[in-house]
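Close look at the chain arrangement
Spelled out, the chains give:
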Amino acid sequence: LRTLTDVRHALTAHVGIVRQRSGMEQTLRIIAHSERALIPMWNRQRWSLSLLDLRDVVAVARSITESAIAETQSVGTHYLEEEPLAAPYPRTFAS
């Protein structure tokens, strides 16, 4: 399904390690489009494994993207390009 490819691509491109708020908002728009496309397919009640996969991927994608947008600080290896990076780790004798 094209919708599944679009969602996966958007997640990889915009909700990965390096993030920008605009990219994450674009991903939410793609997810919303996918959710709207799912409604008539779901209402036909001809469920298949690919349709169930799409429904699940879209639900998880929304959860991940909304959580990423809600996190306003860079955490761990995930960071927002708009946010200035914290001071570098202090140098040690080993580095």
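The model shown is predicted, which means the values in this text are computed figures rather than measured ones.

Describing the nonpolar core
Val7, Met24 and Val58 are the most contacted members of the largest nonpolar core, which has 16 residues in total. Every element with two or more residues in this core is listed here: α1 (2-14), α2 (21-43) and α3 (49-70). Of all the elements, α3 adds the most residues to this core, at seven residues. When near neighbours in sequence (up to four residues on either side) are disregarded, Val58 contacts Val7, Ile31, Ser34, Glu35 and Leu38.

Focus on the pattern of salt bridges
Inspection of every chain in the model, using the stated rule, returns four salt bridges. Here Arg62 makes a salt bridge to Glu35, at a shortest N to O gap of 2.8 Å. Taken together, the residues span a long stretch of sequence, with Arg62 in helix α3 and Glu35 in helix α2 at a distance of 27 residues. For Arg62, a relative accessible area of 23% translates into the label partly exposed. The exposure class of Glu35 is partly exposed, given its relative accessible area of 27%. The partner of Glu66 in a salt bridge is Arg62, with the nearest N and O atoms 2.9 Å apart. In this pair, Glu66 and Arg62 are both assigned in helix α3, four residues apart and thus about one turn of the helix distant. The network of salt bridges with common partners includes Glu35, Arg62 and Glu66.

Conventions we followed
- Residues numbered from 1 in each chain as written.
- Predicted model: local features only at pLDDT ≥ 70, side-chain atom pairs only at ≥ 80, totals over all residues.
- Heavy atoms only, no water.
- Core = buried A, V, L, I, M, F, W, Y, C linked by side-chain atoms within 4.5 Å.
- Buried < 20%, exposed > 50% of the residue type's maximum accessible area, 1.4 Å probe, protein only.
- Helix = DSSP H or I, 4+ residues; strand = E, 2+ residues; numbered from the N terminus.
- Contact = heavy atoms within 4.5 Å.
- Salt bridge = Lys/Arg side-chain N within 4 Å of Asp/Glu carboxyl O.

Keep in mind these values describe shape, not function.
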